[in-house]
Amino acid sequence: MELNRRTVIAGAAAAGIAATTLGGTAHATGGRPPVKSLFGKLADGTKIYSWSLANGGTRMKVLSYGGIVQSLEIPNRKGHYANVSLGFDNIEDYVAKSPYFGALIGRYGNRIGKGKFTLDGKTYQLSVNDGENSLHGGAKGFDKHVWDIEPFTKGSDVGLYLYYTSVDGEMGYPGTLKVKVTYTLTKHGDWRIDYAATTDKATVVNLTSHVYWNLAGEGSGTIENHELKIAGSRYTPVDSGLIPTGELAPVAGTPFDFRRTKAIGEDLREAHQQLLYGKGIDHNWVLDKGISPKPEWCATLKDPSSGRILRMATTEPGLQFYSGNFLDGTLVGPSGRTYRQGDALCLETQHFPDSPNKPSFPSTVLRPGQTYRSTTIHSFSR
């Protein structure tokens with residue numbers, strides 16, 4: 001892995017990979033143009049819209065608030081559909097209570113220690129919203145803004161273009177950042193995310209998606225029986241504030257070894273100091289492939305009960321696996337059931353946490369004239 005390689009890939013967007021490469025579902029049901037409907041209103045009267053998309057056996061709804069995936073439905077081995085993404089059925093709960101359910105995350109996904117970083121000799125103080133640290137862009141990250149959305153159909157694909165401009169100084173970050181995110185549903189039912197951004201001042205960028213997965217269906221209970229495999233032989237240990245120490249530690253002999261497929265709950269309750277810090281798993285894996293010009297396989301998640309399988313590929317060098325440790329039973333999903341600890345997990349493709357303060361980590365610096373690009377593909381089968 002090239003630890004000094006930048007996140008910026010100039011030129012054409014990273015190309016995708018065929019669904020068959022990931023073992024994707026080969027449904028040929030055909031797509032339909034995205035359909036827009038009113039989801040609700042913010043307190044100031046701003047209308048929030050929901051966009052419904054369907055293609056290749058996958059159905060999803062996306063909100064203009066936070067670019068949130070409000071639902072994502074895929075069939076089980078018997079062909080029965082379930083929403084496999086946690087969320088709410090009203091905008092009020094997303095505004096008041098959401099732990100980033102289904103949202104686009106920026107300007108910097110994950111944590112920056114003490115909410116500070118120094119770039120080109122200048123120190124920037126960011127919004128602090130996670131103890132003494134900045135998490136997911138600060139108190140009002142990209143997940144809490146309204147995005148402009150344009151639908152598209154392109155050949156056999158359907159999708160949405162999402163746009164947001166983050167002004168210079170927003171949440172303490174330098175530079176006006178213009179962001180375009182593309183959600184595509186392919187004829188194979190894959191959900192592809194392409195991120196792109198430009199800036200007028202040097203800044204740091206780390207965009208990701210924060211879907212909470214439960215392949216048995218939201219509200220169905222624990223994911224500890226889900227089986228996971230991650231293509232990473234190292235991870236980034238953290239301190240008590242969940243900030244990486246800077247070490248790239250081997251997963252061998254630890255609860256973080258998912259190089260072979262195993263149940264998530266198999267080692268989750270071991271008395272390992274890293275698990276105690278996170279009240280479970282909330283760590284970044286160093287993907288063996290490093291940064292790649294095209295999406296490469298990074299993880300496979302399976303639910304034995306339903307037969308649903310999620311395979312992920314990305315251009316990113318890291319994968320944050322979060323085991324739903326802070327779900328506490330106070331949130332109620334569209335199913336009418338509460339979400340408790342371990343009722344979902346997140347697999348966030350990204351650069352590493354606190355990279356702006358860790359020179360040995362892959363750089364997240366974006367400069368004028370460069371274009372940030374990143375791609376992640378979610379492939380579903382059963």
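1. What to know about the confidence of the model for the chain
Part 1 of the reasoning: Of all residues in the chain, 92% have pLDDT values of 70 or greater, and the mean over the chain is 93.
Part 2 of the reasoning: Scored below 50 in pLDDT, residues 1-28 makes 86 contacts in the model with residues more than four places away or belonging to other chains.

2. Let's talk about the state of the cysteines
Simply put, disulfide is the name for a covalent bond between the sulfur atoms of two cysteines.
Part 1 of the reasoning: According to the stated counting rule, one finds 0 disulfides in the structure shown.
Part 2 of the reasoning: Between Cys298, a free cysteine, and Cys346, which holds the nearest cysteine sulfur, the sulfur-to-sulfur gap is 14 Å.
Part 3 of the reasoning: A relative accessible area of 1% means that Cys298 is categorised as buried.

3. Details of the pairing of strand 27 (residues 346-350)
Two faces belong to every sheet, and in a regular strand the side chains alternate between them.
Part 1 of the reasoning: When you tally the buried positions in strand 27, you get 5 out of 5 residues, the bulk of the element.
Part 2 of the reasoning: Neither face of strand 27 is open: one carries Cys346, Glu348 and Gln350, the other Leu347 and Thr349, and all of them are buried.
Part 3 of the reasoning: Here 5 bridges tie strand 24 (residues 318-322) to strand 27, and the two strands are oriented antiparallel to one another. Within strand 27, the position partnered with Phe321 by the bridge is Leu347.

4. Details of the nonpolar core
Part 1 of the reasoning: In this structure, Trp191, Trp213 and Phe321 are the most contacted members of the largest nonpolar core, which totals 56 residues.
Part 2 of the reasoning: The leading source of residues in this core is strand 13 (residues 177-185), at 5 residues.
Part 3 of the reasoning: What Trp213 contacts, discounting residues up to four positions off in sequence, is Leu72, Val84, Trp191, Ile223, Leu301, Leu310, Ala344, Leu345, Leu347, His378 and Phe380.
Part 4 of the reasoning: Counting residues in hydrophobic clusters, the runner-up holds 22 residues, among them Phe39, Ile68, Tyr94 and Ala103.

5. Some points on unusual backbone geometry
Part 1 of the reasoning: For the bond from Gly106 to Arg107, the omega torsion is 5°, close enough to zero to count as cis.
Part 2 of the reasoning: With respect to the element layout, Arg107 can be found in the loop between strand 6 (103-105) and strand 7 (111-112).
Part 3 of the reasoning: The backbone of Tyr100 sits at a positive phi, close to 70°, despite the residue not being glycine.
Part 4 of the reasoning: Within the fold, Tyr100 resides in the loop between helix 2 (91-97) and strand 6.
Part 5 of the reasoning: Residue Tyr100 is classed as buried on the basis of its relative accessible area, which comes to 14%.

6. Points about the environment of Lys201
Part 1 of the reasoning: Within the secondary structure, Lys201 sits in the loop between strand 14 (191-199) and strand 15 (203-204).
Part 2 of the reasoning: The partly exposed category is assigned to Lys201, whose relative accessible area is 39%.
Part 3 of the reasoning: Separated by 171 residues in the primary sequence, Lys201 and Tyr372 have C-alpha atoms spaced 13 Å apart.
Part 4 of the reasoning: Excluding residues within four positions of it along the chain, Lys201 makes contact with Asp168, Gly175, Leu366 and Pro368.
Part 5 of the reasoning: A polar atom in the side chain of Lys201 sits 2.6 Å from the side chain of Asp168.

7. A look at the side chain of Thr375
Part 1 of the reasoning: Of note, Thr375 is situated in strand 29 (residues 372-381).
Part 2 of the reasoning: Of note is the side chain of Thr375, whose polar atom sits 2.6 Å from the side chain of Asp194.

8. Let's talk about the sheet that holds strand 12 (residues 157-166)
Part 1 of the reasoning: Spatially, 11-12-13-14-29-23-22-17-20 is the arrangement adopted by the 9 strands of the open sheet, whose pairing is antiparallel. What marks the edges here is a single partner per strand, and that holds for strand 11 (148-154) and strand 20 (262-263).

9. Some words on the pattern of salt bridges
Part 1 of the reasoning: Applying the stated criterion to the full structure yields 14 salt bridges.
Part 2 of the reasoning: Among the ionic pairs, Arg259 bridges to Asp257, the shortest N-O distance being 2.8 Å.
Part 3 of the reasoning: Using a relative accessible area of 17% as the deciding quantity, one classes Asp257 as buried.

Rules and cut-offs
- Residues numbered from 1 in each chain as written.
- Predicted model: local features only at pLDDT ≥ 70, side-chain atom pairs only at ≥ 80, totals over all residues.
- Heavy atoms only, no water.
- pLDDT = per-residue confidence, 0-100.
- Contact = heavy atoms within 4.5 Å.
- Disulfide = S-S within 2.5 Å.
- Buried < 20%, exposed > 50% of the residue type's maximum accessible area, 1.4 Å probe, protein only.
- Helix = DSSP H or I, 4+ residues; strand = E, 2+ residues; numbered from the N terminus.
- Pairing = 2+ DSSP bridges.
- Core = buried A, V, L, I, M, F, W, Y, C linked by side-chain atoms within 4.5 Å.
- Polar contact = N/O pair within 3.5 Å; in protein donor to acceptor, adjacent residues only side chain to side chain.
- Salt bridge = Lys/Arg side-chain N within 4 Å of Asp/Glu carboxyl O.

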